Amino acid sequence: MITYLVATFEGSAYAKSANPPDIYDIIMLQKINSFREENGLPALELNDDLLDVADVRLNELPVNFDHTRPNGESYKTVYTELGLTDKYERGSENIAKILDDWDFENENGDEYVEYIFEAYVNSDSHRENMLKPYWKYYGSGFLTNYNGNCYQIQVFAK
């Protein structure tokens with residue numbers, strides 16, 4: 001079973017991340033960019049700032065799986081904490097929680113990413129979020145086998 005949510009903010013680009021992308025991030029971005037291309041949209045750029053945003057939010061999701069942070073504030077306050085408020089005009093996140101105990105050590109990473117990607121595509125709000133024409137930048141993260149659950153986040157911005 002997969003649970004997912006979507007949220008968007010408006011506000012106002014690029015830096016080096018302390019959290020480099022892993023293979024799952026790269027595979028997911030390739031899938032999203034192929035999906036965007038099929039729909040006549042430009043590819044997204046992997047963005048180090050958004051990898052940092054994703055890392056902060058990803059580590060909060062096991063505590064509170066919501067677009068509200070564990071401290072009760074909106075997810076967009078991460079941008080303020082990281083000094084990114086003026087760098088991005090608009091942003092959004094998709095989050096997923098996989099309740100199955102996925103064995104990442106013995107499974108193909110592409111199958112895992114495909115499972116999540118297809119869940120997003122089959123959700124109207126998540127599909128719409130991935131296909132917004134104004135998105136330019138992307139970041140993501142995966143937290144695997146955390147207390148039997150897995151988490152994924154997609155972060156978009158322009």
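Residues numbered from 1 in each chain as written. Predicted model: local features only at pLDDT ≥ 70, side-chain atom pairs only at ≥ 80, totals over all residues. Heavy atoms only, no water.

To continue, consider the packing of aromatic side chains. All chains considered together, the criterion is met by 8 aromatic pairs. Look at Phe-65 and Tyr-151: their rings are 6.3 Å apart centre to centre, the planes differ by 50°, and that puts the pair in the tilted class. Here Tyr-151 lies in strand β5 (residues 149–157) and Phe-65 lies in the loop between α2 (48–60) and α3 (77–81), a separation of 86 residues in the sequence. Pairing Tyr-138 with Phe-156 gives two aromatic rings, centres 5.7 Å apart and planes at 55°, and the pair type is tilted. Of this pair, Tyr-138 sits in strand β4 (residues 137–146) while Phe-156 sits in strand β5, and the two are 18 residues apart along the sequence. No difference in accessibility class separates Tyr-138 from Phe-156, as the two residues are buried. Cluster of aromatic residues (ring-pair linked, three or more members): Tyr-134, Trp-135, Tyr-138 and Phe-156. (Phe/Tyr/Trp six-rings, centres within 6.5 Å; stacked < 30°, edge-to-face > 60°. Helix = DSSP H or I, 4+ residues; strand = E, 2+ residues; numbered from the N terminus. Buried < 20%, exposed > 50% of the residue type's maximum accessible area, 1.4 Å probe, protein only.)

End to end, helix α1 (residues 23–38) covers 23 Å across 16 residues, agreeing with the expected 22 Å (1.5 Å per residue, within 8%). Listed in full, the buried residues belonging to α1 are Tyr-24, Asp-25, Ile-27, Met-28, Leu-29, Lys-31, Ile-32, Asn-33, Phe-35 and Arg-36. Capping of α1 at its N-terminal end is provided by Asp-22; its side-chain oxygen lies 2.9 Å from the backbone amide nitrogen of Tyr-24. Among the residues trailing α1, Gly-40 stands out with phi positive, at a value near 75°. (Expected span 1.5 Å × (residues − 1). Polar contact = N/O pair within 3.5 Å; in protein donor to acceptor, adjacent residues only side chain to side chain.)

Our focus in this paragraph is the environment of Glu-45. Following the sequence through the fold, Glu-45 ends up in strand β2 (residues 45–46). The partly exposed category is assigned to Glu-45, whose relative accessible area is 39%. Along the backbone, Glu-45 and Leu-29 are 16 residues apart, and their C-alpha atoms lie at a distance of 8.5 Å. Here Glu-45 is in contact with Lys-136, Tyr-137 and Tyr-138, once residues within four sequence places are set aside. (Contact = heavy atoms within 4.5 Å.)

That is the geometry; function is a separate question.
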